[in-house]
Amino acid sequence: MTLTLHPNEGIPGQTRHLIVILGDQLDQGSPALGGLDPGQDLVWMCEAVEESTHVPTHKARLVLFLSAMRHFRDRLGELGLPVRYRALETQSDPTLAAGLTADLMALRPNRVILTRPGEHRVMEDLVATCKACGVELEVREDSHFISSIDDFRRWAKPRKTLVLEHFYRSLRRREGILMDGKKPVGELWSLDRQNRKTFGRKGPGLVPAPLCFPPDATTQEVMELVQARFPGAPGRLDGFDWPVTRDQALAALDDFIDNRLPSFGPYQDAMWTGAPYLYHSRLSAALNLKLLNPREVIEAALGAMVQRELPLASIEGFVRQILGWREYVRGVYWTEGPEYLSRNALEAHQPLPRLYWDAQTPAACLAAALDQVLEHGYGHHIQRLMVTGLFALLLGVKPQAVHAWYLGMYVDAVEWVEAPNTLGMSQYADGGRLASKPYVASGAYIRRMSNYCDHCPYDPKVATGPRACPFTTLYWDFLARHRSRFGRHPRTALQWRQLDRLGATDLSAVRQAADDLRRSLS
Ligand code: FAD
Ligand code: SF4
């Protein structure tokens, strides 16, 4: 383990600024590092136990963060920057606050400099720690986003609901991305309609496999550490292949642009057994750790469109995810504040079923999506929204339990992005701040978008009896339970007409089946 020690380390009064770099701030251009004077300032990084345990966390997520942090530490060392690195094996700090307090007391810097963290909890802890130690704290805004939090607040203030499409268009206009003067390129703001293709009966065929990054010595060291320190953590490690350095992240970006971006758009909602990545980019973890900047990712996609004449549907679909959804959910997270995390608009109180931890279920779609999470710490958007998320929503699982699971189990999870997606988009816990109505569907949606139902003992058309698809049973039950809340929503009229066609006797059988399912899963 390489450790670059500050010449003045341990001598009180010799450190001017202590520059805190968190596990998801691994960029040499991080705002906190701006103006660093290696002669007087010290970079501070810490592997606190709490960051690995505050929610049950997938082993691959632990390895990704710790390995990427250690690689970044070594990179700063190569650049001649002084780093004080509090490693899990040596310091074993229970919390970031404990580690920081120890060094603030020992070094007595004039000031702590921090780039805004990705989580309210961390922000509050670090503010309180500096205050308790009597050290000034300077929080710098994160430059790894295209829209600032103030921009978003200004945009959101007069609005009752925060419609993604409006925000996305305003950013495209402001940034001149995919614009032809004042008009969108191709005269359309959204090409979503072209982007809902399925693979049909033949399946996806040969999809170019994503570039993989076998663990190097540092990653292997961290894998052993994680196995030893967190043996009970969920998930498997044998297939760990995520990018952990900036060079690897850039290679992953090139690989996506060259090989999968051309078909990304049309197939972004499709799912297929045994094909976890399909045409998706696998870039979220690198983006969220700040190994990549969203601007360079968008520029790479736009460049490829011009040079290789790639289809606009794929480019717009991809830009929409990064410039639209990613920026938007971050704005929601910081604008809504910590109280957002406790919302439960649908008053859902079921526990999270055990199958989320072991993937043991006959339901083929759930087994596939959950096993993939245990294997890779990954699911693409539709698997997260319309399989694992949908099932929890229909079952009535307490949103905070769903949130904790998503935060711990996906390698790319950081609260600013995970929480609005889970609590808002997926579970409707925010009562419609983010999505005007819940994303609900029966098993028919999964059958249309995948081949999962072909290998399932259940039938998506059946709602009761031994062949009943749990999604279909719970879907009708959900509609019946929430009729008074959503019955008048203009975009759901068809769903209510279909519910009415079920008739009272069938509906009562469905509701009984849903209750039985709930009981058996709790
Ligand atoms: P691609 O499909 O290739 O998309 C390209 C990029 O767009 C992604 O890398 C990501 O940076 C961005 N993106 C796409 N959709 C979204 C979105 N809805 N919100 C924000 N960014 C988006 N994404 C995370 O990065 N971290 C999370 O913890 C996370 N939790 C989620 C929880 C739920 C319940 C849902 C429904 C979605 C969640 N997402 C999360 C969004 C999305 O599912 C992932 O970003 C995406 O699946 C990552 O895989 P990819 O890099 O292959 O993405
Ligand atoms: Fe999933 Fe139902 Fe299809 Fe089975 S039948 S794969 S449970 S949607």
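Located above this text is the structure these notes cover.
Quick notes on empty space enclosed by the protein
- Under the defined criterion, the tally for this structure stands at eight cavities of 30 Å³ or more.
- Roughly 410 Å³ of internal volume is contained in the largest cavity.
- G23, D24, E51, R61 and F65 are the residues nearest the centre of the largest cavity, which is lined by 27 residues in total.
- Those elements that place two or more of their residues in the lining of the largest cavity are β2 (42-46), α1 (49-53), α2 (59-78) and α4 (120-133).

Describing the environment of D216
- Relative to the elements of secondary structure, D216 occurs in the loop between β7 (183-184) and α7 (217-229).
- Looking at D216, its side chain comes within polar contact range of the main-chain nitrogen of T218, at 3.2 Å.

Let's talk about the sheet that holds strand β1 (residues 17-20)
- As summarised here, the arrangement of the five strands in space is β3-β2-β1-β4-β5, forming an open sheet in which the pairing is parallel. Pairing within the sheet leaves two strands with one partner each, and these edge strands are β3 (83-86) and β5 (136-140). Adjacent strand axes in the sheet meet at a mean angle of 25 degrees when their direction is disregarded.
- Where strand β4 (residues 111-115) and β5 come together, five bridges link them in parallel fashion. When the bridges of β5 are listed, V112 appears paired with L137.
- Strands β1, β2, β3 and β4 of the sheet are contacted by helix α3 (residues 96-107), whose axis makes an angle of about 150 degrees with β2.
- Each of β4 and β5 is contacted by α4, which is oriented at about 150 degrees to β5, the strand it contacts most.

Quick notes on the site of ligand 2
- Taken together, A363, C365, G443, I446, Y452, C453, C456, Y458, P460, C469 and P470 form the complete shell of residues around ligand 2.
- When atom positions are compared with the pocket grids, ligand 2 is found to occupy the second largest cavity.
- Split into classes, the residues belonging to the shell around ligand 2 amount to 10 nonpolar, one polar and no charged.

Examining the nonpolar core
- In terms of nonpolar packing, the biggest core is built from 149 residues, with Y328 and F471 touching the most fellow members.
- The biggest single contributor to this core is helix α12 (residues 312-336), with 11 residues.
- Other than its neighbours up to four places away in sequence, Y328 contacts F152, W155, L162, V163, L164, F167, R433 and L434.

Looking at the pairing of β3
- Of the two faces of β3, the one carrying V83 and Y85 and the one carrying R84 and R86 are both buried.
- Inspection of the sheet shows β2 paired to β3 by four bridges, in the parallel sense. Its bridge partner lying in β3, C46 is registered against R86.

Notes on α3
- With 12 residues, α3 extends 16 Å between its outermost C-alpha atoms, agreeing within 8% with the 16 Å of an ideal straight helix rising 1.5 Å per residue.
- Buried residues of α3: L96, A97, G99, L100, D103, L104 and L107, and no others. Considered in projection along α3, the buried side chains sweep an arc of 160 degrees and stay on one side of the axis.
- The secondary structure elements touched by the buried residues of α3 are β1, β2, α1, β3, β4 and α4.

Quick word on the pattern of salt bridges
- Counted by the stated rule, this structure contains 48 salt bridges.
- Note that D151 is salt-bridged to R174, the shortest N-O span being 2.7 Å. With a gap of 23 residues between them, D151 in helix α5 (residues 149-156) and R174 in helix α6 (residues 164-175) connect regions that are remote in the sequence.
- The partner of R518 in a salt bridge is D477, and the shortest N-O contact between them spans 2.7 Å. You can see R518 sitting in helix α22 (residues 504-521) and its partner D477 sitting in helix α19 (residues 470-481), a full 41 residues away along the chain.
- Relative accessible area serves as the criterion here: at 11%, R518 is assigned to the buried category.

The rules behind these values
Residues numbered from 1 in each chain as written. Chains lettered and ligands numbered in written order. Predicted model: local features only at pLDDT ≥ 70, side-chain atom pairs only at ≥ 80, totals over all residues. Heavy atoms only, no water. 1 Å grid on protein atoms, 1.4 Å probe; cavity = no way out; pocket = protein on both sides within 12 Å on 5 of 7 lines; lining within 4 Å. Points joined across faces, edges and corners; volume = space filled by probe spheres on them. Helix = DSSP H or I, 4+ residues; strand = E, 2+ residues; numbered from the N terminus. Polar contact = N/O pair within 3.5 Å; in protein donor to acceptor, adjacent residues only side chain to side chain. Pairing = 2+ DSSP bridges. Axes fitted to C-alpha atoms, helices over the stretch in contact; angles between N-to-C directions. Contact = heavy atoms within 4.5 Å. Near = heavy atom within 4 Å. Sits in = over half its atoms within 2 Å of the grid points. Nonpolar A, V, L, I, M, F, W, Y, C, P; charged D, E, K, R; others polar. Core = buried A, V, L, I, M, F, W, Y, C linked by side-chain atoms within 4.5 Å. Buried < 20%, exposed > 50% of the residue type's maximum accessible area, 1.4 Å probe, protein only. Expected span 1.5 Å × (residues − 1). Arc of directions from axis to C-beta. Salt bridge = Lys/Arg side-chain N within 4 Å of Asp/Glu carboxyl O.

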